[in-house]
Amino acid sequence: MDALRVAAVRHLLVPRVGYRLIPQTDQTGLPQVDAVDFVSPQNHLLFGLENRFLVKLKEPDGSTRVAEVLSLTAEQGLALRPRRRAFADRYLASLQPTDPVRAVENVQSLAGVTGFSGFSEADERRWSNFVLRVAITPPGIVDGRGTVALDPESAEIKEASARAGVRLADWLRLTAGYSFDRGDPAPLRTPLEGYVGSLTAQLGPAWELGYGLRYDAKREVFLENRVDVTYKTCCWQARISYTHREGLGPDATATGRSTDDDIRFTVDLLGFKRGGP
């Protein structure tokens, strides 16, 4: 980025505080096909701090435009009344270390208890993982992003990832990176360490075609291969995705297999930002 083109720099500091309360209800009699079928009880305070750095750039024709060049976001969650609860195994297997809402430990299966098949007990952690996200996006052809999830009680890194992207052409973009996931909560999630990559092609003003992969170098297996087709307008976008996964834990799929294939169709409204931290 040419420093002579920078007309102004703006630093936005956005603090966030939120509260979520979902009363606990008995869901053991309901079918648990996948993670979204279980409604997790919550009594959490959420807070975060977002830093955004924007620059105003002078164009050769005399006009100006604003671009975000750096963002740093920190997120944290606090369980106000942590306790030991029963959770669906599908839900526990879907938990991500970078989620500031939920963190659990000491998972014990309830498979031998009548009426609790497919459920496990776990202790809610008072403090969720401290999550730090960094994005470096200067105008040009190269950018980078990184995320770290740290357990504040044990000072242990639960997840870390870093990616770099390069624009090969006006319509073609390549990203590559590294990811590490400790696999908590054990034993329902599998530790992962490997490489990620994606290739995205812009097919005209509205259509986008993407391919992504995740490769585990230690086990020499492609954990995930994904193909996306996206149609985007000014106000909404529709996406259809096909994903093939391998090397999963036995409880990560509804069938109990170590492989999984799914097709998803989503529609999103653009211009709305997720509320809360």
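As the structure is a prediction and not an experimental result, all values here were calculated from the model.

The next subject is the confidence of the model for the protein. For the protein, per-residue confidence averages 88 on the pLDDT scale, and residues scoring 70 or more make up 92% of the total. The least confident element of the protein, judged by mean pLDDT, is helix α1 (residues 89–94) at 89; the most confident is strand β7 (residues 130–136) at 97. With pLDDT under 50 throughout, residues 250–256 is counted as low confidence; its partners more than four residues away or in other chains account for 12 contacts.

Taken in spatial order, the 3 strands of this open sheet run β4-β6-β5, and their pairing is antiparallel. Across the chains shown, the open sheet's two edge strands, defined by having one partner strand only, are β4 (84–88) and β5 (104–109). Direction aside, the axes of adjacent strands within the sheet are offset by 35° on average. In this sheet, strand β6 (residues 119–124) lies alongside β4 in antiparallel orientation, the contact comprising 5 bridges. Residue pairing in the sheet places Arg 85 in a bridge with Ala 122 of β6.

On to the side chain of Arg 102. Along the chain, Arg 102 turns up in the loop between α1 and β5. When its relative accessible area of 3% is taken as the criterion, Arg 102 is described as buried. One polar contact links the side chain of Arg 102 to the main-chain carbonyl oxygen of Pro 41, over a distance of 2.2 Å. Within polar-contact distance, the side chain of Arg 102 engages the side chain of Glu 124 at 2.4 Å. The residues touching Arg 102, leaving out its near neighbours within four places in the chain, are Ser 40, Pro 41, Gln 42, His 44, Phe 87, Tyr 91, Leu 95 and Glu 124.

Reading the values: the criteria
Residues numbered from 1 in each chain as written. Predicted model: local features only at pLDDT ≥ 70, side-chain atom pairs only at ≥ 80, totals over all residues. Heavy atoms only, no water. pLDDT = per-residue confidence, 0-100. Helix = DSSP H or I, 4+ residues; strand = E, 2+ residues; numbered from the N terminus. Contact = heavy atoms within 4.5 Å. Pairing = 2+ DSSP bridges. Axes fitted to C-alpha atoms, helices over the stretch in contact; angles between N-to-C directions. Buried < 20%, exposed > 50% of the residue type's maximum accessible area, 1.4 Å probe, protein only. Polar contact = N/O pair within 3.5 Å; in protein donor to acceptor, adjacent residues only side chain to side chain.

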